[in-house]
Structures are given as C-alpha cells and as structure tokens.
Amino acid sequence: MESRITELKEEAISAIEVASAVSTPKAAQEALKETRIRFLGKTGSISLLSEGMRSLTKEERPRIGQLLNELRNIVTAALDEKEAALTALADAAAFASIDTSLPGTASLSGSLHPLTLLVDRAVQIFRRLGFAIADGPDIETEWHCFDALNTPADHPARNEQDTFYLPDGRLLRTHTSSIQIRTMVANPPPIRIIAPGAAYRRDEVDATHLAQFTQMEGLTVAPGVNLGDLKGTIEFFFHELFGPGTEIRFRPHFFPFTEPSYEIDIRTESLGGKWMELAGCGMVDPAVFAEVNKARGDDAYDPERISGFAFGFGLDRLAMNLTGISDIRMLTENDLRFLSRFPA
Ligand code: PHE
C-alpha cells in the first residue's frame, strides 16, 4: 500500500503539470478541474485507496493513514497553486484590453428641490430657538381653518371662489394657521411650534401665483409672551437666512386671528435691494384662545394668564427670490435644466 501511495503521488503531480500546460489558460483551468476530480473526487484514486485502510491491521493503520493524509494535502496544495496562477493570468489578460486612461461615464445624481432646501434651512434656524415641528392635514374642516381662527362665516375669505371646497363641506386649507388650532386643542401651553406645509387658494396660476403653495406657520404661547418676543424671533430668523445686514419692517395690518397684526417686509442688497412683503404676524387674538378652550373643555388657554404670537410665511416667493427666477411656475414644472442648478 505504501508503494501505491508513492506511485499515486508521482502520478498526480505529473498529471497536474500536464493539465496546467494545456494550450489556453481557460482550457488549462478545465483540465485542472478534471484532474482534481480524478484524484480527490468521491470516487477518485486517492479516495479509493483510502478505502483499502479497512483491510489493514491495527498496527499499520496510523502510519498509512498519515501517509494518505499527506498525499491528499500535497495534491490539494499543488492543484490550488496552479489554479491561482491561472486565475491571475486570466485576470491580467482581461485587464489588458481595458484602457484606464479613457474618460468614464458620468452618473446622474439627484438633488433636493430648491423649495425643500429652503424649508430645511428655515426649520434649522427655528430649531435653534427651540421650536418643534407640528403637522396637520391638507384637507381641513371649516372650523379649524376659519371659525376657530376668529374668521366668521360672512368673512370674505370664506367665499367659495377663494377656496377649494369638497362636497362634504371640508376644504383644502387656505393657510397653515389651522395647525395652530390643532396643536393648542391637543396640547396645553407652553407651545413653541413651526408648521411647514402646503396651502391652497383658488388663484389664477400666473408668473407670481400658484394654486398650491408652501407656507410655514409659527406659534409661541406661554405666560408673558409679548410683541418684543415676536419681533426678536422674526429678526433673528431673517438675519440668519439673509445675513445680518438685512433690514426688517413691521407694517400694521389686519388678520382676524391676531391683534395687533403686522405684515413683515424685508430688504437686502443680495435680493435686489427692494422691500419685499414676506410674512404676516401678530399677537394671538383672545377670541382664538376662547374657541380653543371651548373645544378642549377647559381653561388652559386663559388669556388672562397666557399670551402668544403667531406668524406665517409664504416660502415660494422667497425661493423665487433666492433662486433668481422671474416665474414662480418654474418651481412646479420639474424642468431638469432648472432643478440641476441646485446640487444637494
Ligand atoms: N395665515 C396668514 C396668511 O396666510 C399669515 C399669518 C399667520 C398671519 C399667522 C398672522 C399670523 O396670510
């Protein structure tokens, strides 16, 4: 048996040499595979020889077993070595035909919409002042959008021509101020939230109007909140957004849900140096707190103990000014020539 092992070793080594020298690397790889099966496979010569162990005496077994193991290891190592060399050869041949100095194919990568980028920036600034994000549905009840905001049924904003109504009487919210109401009905004071989201109006779509636009609402309610807090918050926001040189003007105005109310204009050289009307704001009207208390069934928003300010921006006009486009519709048209100017 021992001599058969030595013989088999020589036979295997020379078979491996022959196989690895076959014409092409691919054919040689195939030949090596066959050689492996011929010697090491389940019915290969080494396996068959191992079966002969059974007829050996107890004394012979360990020695022959060891020799068989060695044989197996030597043949396996020789096969592995030749195969690795052939794989390296095949790889080198494959790479030889590739010209790495040729220019590559550019891959298209997406980016965020300029409006989304602006919302993210605004959210980050308010976050630093401790504002949390609140949310509400786009399809609203008249109560959340108007009644609770001290806007009675005969108010012009309730006109069917101004708003999209559903057959069941609900409507597409005309402003994000409805989120103020939802937040206060669900939570007692103190409140400090911003609410970015879509708002809808039955406007003729043109270069400066969209029927769906984006607003960001803000609300702070706590004991002792005053107009100075409102002005400080607004000034901080615009100085962060447009730079410390930005001028800010509060113009007296009227909103049913705030008293006193203001419109906010800003002027900065980087946006053409003209006054732009950007937002509405004011101190929350006590009538709004009264409606909220009624809905809550408690007195959490007692106007004698707490006060608050609210503001609302349209973000589309702002995005328009920041991106330097003269037609607001470009924000909704998904024209890649426009969108690809804003890499993420
Ligand atoms: N909701 C008002 C608008 O859409 C903006 C606003 C919000 C005004 C909050 C005052 C307070 O024009």
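Heads up: these notes are all about the structure in this document. (Residues numbered from 1 in each chain as written. Predicted model: local features only at pLDDT ≥ 70, side-chain atom pairs only at ≥ 80, totals over all residues. Heavy atoms only, no water.)

Quick look at helix α8 (residues 227-242)
Okay, so step 1: Here α8 contains 16 residues, and its C-alpha end-to-end distance of 22 Å stays within 8% of the 22 Å for a straight helix at 1.5 Å per residue.
Okay, so step 2: All buried positions along α8 are accounted for by L230, T233, I234, F237, F238, L241 and F242. When α8 is viewed along its axis, its buried side chains cluster within an angular range of 130 degrees and face the same direction.
Okay, so step 3: Looking at where α8 begins, the residue whose side-chain oxygen comes 2.9 Å from the main-chain nitrogen of G228 is N226.
Okay, so step 4: Note on α8: the residue one or two positions beyond its end, G243, has a positive phi of about 105 degrees. (Helix = DSSP H or I, 4+ residues; strand = E, 2+ residues; numbered from the N terminus. Expected span 1.5 Å × (residues − 1). Buried < 20%, exposed > 50% of the residue type's maximum accessible area, 1.4 Å probe, protein only. Arc of directions from axis to C-beta. Polar contact = N/O pair within 3.5 Å; in protein donor to acceptor, adjacent residues only side chain to side chain.)

Some remarks on the pattern of salt bridges
Okay, so step 1: One pass over the structure, following the stated rule, counts 22 salt bridges.
Okay, so step 2: Here K33 and E30 are joined by a salt bridge, their closest N and O atoms 3.8 Å apart. Residue K33 and its partner E30 are both found in helix α2 (residues 25-40); the two are separated by three residues, about one turn of the helix.
Okay, so step 3: K33 sits in the partly exposed class, given a relative accessible area of 48%.
Okay, so step 4: For R173, the salt bridge is made with D138, and the minimal N-O distance between the two is 3.4 Å. (Salt bridge = Lys/Arg side-chain N within 4 Å of Asp/Glu carboxyl O.)

Some details on the nonpolar core
Okay, so step 1: Among the nonpolar cores identified, the biggest contains 43 residues, and I234, F238, I264, F311 and F313 are the most heavily contacted of them.
Okay, so step 2: Take this core: its biggest share by element is seven residues, from helix α5 (residues 114-128).
Okay, so step 3: Discounting chain neighbours no more than four positions away, the residues touching F238 are G243, T246, I248, I264, I266, L278 and F313. (Core = buried A, V, L, I, M, F, W, Y, C linked by side-chain atoms within 4.5 Å. Contact = heavy atoms within 4.5 Å.)

Remarks on the environment of S23
Okay, so step 1: You can see S23 is positioned in the loop between α1 (2-20) and α2.
Okay, so step 2: Among the residues examined, S23 registers a relative accessible area of 71% and is labelled exposed.
Okay, so step 3: On a C-alpha basis, the gap between S23 and L166 in space is 80 Å, while along the polypeptide they are 143 residues apart.

Examining the environment of I125
Okay, so step 1: Of note, I125 is situated in helix α5.
Okay, so step 2: Take I125: its relative accessible area is 7%, and that puts it in the buried class.
Okay, so step 3: C-alpha of I125 to C-alpha of F238: the two residues are 113 residues apart in sequence and 9.4 Å apart in space.
Okay, so step 4: Look past the residues within four positions of I125 in its chain and what remains in contact with it is F236, F237, E240 and L241.

So, to be careful, I would describe these as geometric facts and stop short of saying anything about function.
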